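Observations on the three-dimensional arrangement
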Amino acid sequence: MTPKQIYDLIIIGGGPGGLTAGIYAMRAALNTVLIEKGVPGGQVTMSDEVENWPGTVHIGGAELSMQFASHAQSYGLEVLAREVTSVEPGLDVHTVRLDNGDSLKTHALVLGTGGYPRKLAIPGEDDNYGKGVSYCAVCDGFFFRNKTVVVVGGGDSATEEALYLAKLAKKVFIAHRRDALRASMLLQQRVKADCNIEVLWNTVLTAIEAEDGGVARVQLKDTVTGQQREMPTDGVFVFIGFVPNNGIVPAGVKRNTEGYVITDRRCQTAIDGIYAIGDLREKYARQIVTAAADGCTAALAAAHYVETKKAASADTCVLPE
Ligand code: NAP
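Residues numbered from 1 in each chain as written. Predicted model: local features only at pLDDT ≥ 70, side-chain atom pairs only at ≥ 80, totals over all residues. Heavy atoms only, no water.

**Section: the sheet that holds strand β9 (residues 148-152)**
Condition: Criterion used throughout: strands pair if DSSP finds at least two bridges between them. Numbering of helices and strands runs from the N terminus, with a helix taken as a DSSP run of H or I at least four residues long and a strand as a DSSP run of E at least two residues long.
Read across the open sheet, the five strands follow the order β8-β15-β9-β10-β11; overall the sheet is parallel. Two strands in the sheet have a free side with no partner beyond their single neighbour: β8 (133-134) and β11 (197-200). Pairing between β8 and strand β15 (residues 235-238): two bridges, direction parallel. Bridge pairing in β15 places serine 134 opposite phenylalanine 237.

**A short note on the sheet that holds strand β12 (residues 203-211)**
The condition is simple: Fitting a line to C-alpha atoms yields each axis, with helices limited to the stretch in contact; the angle taken between N-to-C directions then spans 0 to 180 degrees.
Strands sit in the order β12-β13-β14 across an open sheet of three strands; the sheet is antiparallel. Of all the strands in the sheet, the pair left with one neighbour each is β12 and β14 (228-232). The sheet shows a mean angle of 25° between the axes of neighbouring strands, direction not considered. Pairing geometry for β12 and strand β13 (residues 214-222), over eight bridges, is antiparallel. Its bridge partner being in β13, isoleucine 208 is matched across the sheet by valine 218.

**Considerations on the site of the ligand**
Just so we agree on the cut-off: Only a single heavy atom is needed: when it lies within 4 Å of a molecule or strand, its residue is near that molecule or strand. Residues adjacent in sequence count toward polar contacts only when both atoms are side-chain atoms; beyond that, a polar contact is any pair of N or O atoms within 3.5 Å, and within protein one must be able to donate a hydrogen and the other to accept it. Under the convention used here, a 1.4 Å probe and the Shrake-Rupley method define accessible areas, while residue burial counts only the protein chains that appear.
Looking at the ligand, there are 16 residues lining it, with Asn52, Asp156, Glu160, Arg178 and Arg182 nearest. With respect to the ligand, the backbone of glycine 155 contributes an N or O atom lying 3.4 Å from an oxygen atom. At 2.6 Å, a side-chain N or O of glutamate 160 approaches a nitrogen atom of the ligand. When the ligand sits alone it has 910 Å² of accessible area, and the protein chains cover 75% of it.

**Considering the nonpolar core**
Applicable threshold: Here, the term nonpolar core denotes a set of buried Ala, Val, Leu, Ile, Met, Phe, Trp, Tyr and Cys residues that are joined through side-chain atoms within 4.5 Å. Burial status follows relative accessibility: with a 1.4 Å probe on protein chains alone, a residue under 20% of its type maximum counts as buried, one over 50% as exposed, and anything between as partly exposed. In this description, contact between two residues means that some pair of their heavy atoms is separated by no more than 4.5 Å.
Counting 30 residues, the largest nonpolar core has Leu9, Leu64, Ala108, Val110 and Tyr275 as its most contacted members. For this core, the secondary structure elements donating two or more residues are β1 (6-12), α1 (16-27), α2 (61-74), β6 (103-111) and α6 (288-317). Ranked by the residues each element gives to this core, the list is headed by α6, at eight residues. With residues up to four places along the chain from it excluded, the contact list for leucine 9 reads Ala25, Leu30, Asn31, Thr32, Val33, Thr106, Ala108, Leu109, Val110 and Ala302.

Right, dumping it as C-alpha cells:
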C-alpha cells in the first residue's frame, strides 16, 4: 500500500489480542495492517507453558504465538515490523507515525500494545539487571541451574515462574509481602507441593546487593514485625504486576488512575474508531483468552464502524441531482 492510501484498520501490537483482531478483520474483508516492533506473539512467547488456552491442555507459549501469527497470516494479514512513534486522531481519518518517518492513514485503529513488568524500585535492581536480576524466568532461568533464587510476588506470574525455576535451581524462595498468595488455587497447590520452593511470607526486598559482578544477597524486611535480615542468593526474579504500555495512546483517550485505557463494551475508547484491547485495556481478567476476546470484539466493532462510515460517505456522494 502506498502512504497516500487509507487503511480500513491498523492494529498496533502483535500479541494474542492484536493477532485475533487481525484474523477477524481479514475475515471481515477489512484492508488491514498489523504493526509490531518485535516478534509477533507478545508476552506469551515468554511463557514456558500455557495450560488455559481452551482446547489445548498444554502448549509452549512460543508455539502458541506462532500458531496465532500463522493463522492471521493465512488470511493474508499484512504485518509491518516497525515501531509506532505516535497516533494522531483525526476527524475523518487517524494517522499513525512510524520510526522510519513514514505515516499511515486509517479509518479505524486497534491499540493492543500490552504492558511491561512493574519494577521493585529498590537499590540494586537496575544496576544488577542482567547480572542476576531478571523479569523473565524462561529467558534467564538457565543461568541459575543449581543456584539459589528469590522470586518476588504472589500472583499467577510469580508462582508460575517459581515453578519453572524450581525445575532448574537448587532452591527457590518466593518473597511475598502478605500472608496469602493471590495466584489461582491450582498454582498455589503446585507451589505447596514443590519441595524445592519455600515461601517467605510477609516479606519484602529492600535492597539487592552484588559481589564480583553478580547478585550475592538481598536485604529483606518483615512487613509485620519490621525486622530486617539479609539472605544470600544468586538471582532475583521480579513478578509484581504489570504496567500498561500506553506511551502512544493519544490524548483524548480516557485512562484509569493506573493508566489502563477505558473502553465501552465494543472495546471502543473515548475516540470514535479507536479501540483498545488486551492488557492495555481496563478490565477484570488479563488472560490470553480475554485478550483474544477483546481482539475479536474490537475487529467486529471496527468493521461495523468502517462500513457505516463508508456507506454514509457513499450516500453523500451519490445523492441524485
Ligand atoms: P498480579 O496478579 O497483579 O500480582 C502481582 C503480585 O505482586 C501480587 O501478589 C502483589 O501483592 C505483588 N506486588 C505488587 N506490588 C508489589 C511490590 N511493590 N512489592 C512486592 N510485591 C508486590 O500480577 P501478575 O502475577 O503479573 O499477573 C498479571 C495478570 O496476568 C493477572 O490478571 C494474572 O491472573 C494474569 N496471569 C495469568 C496467568 C495464567 O493464567 N497462566 C499467568 C500469568 C499472569 P498483593 O497480592 O499483596 O497485591
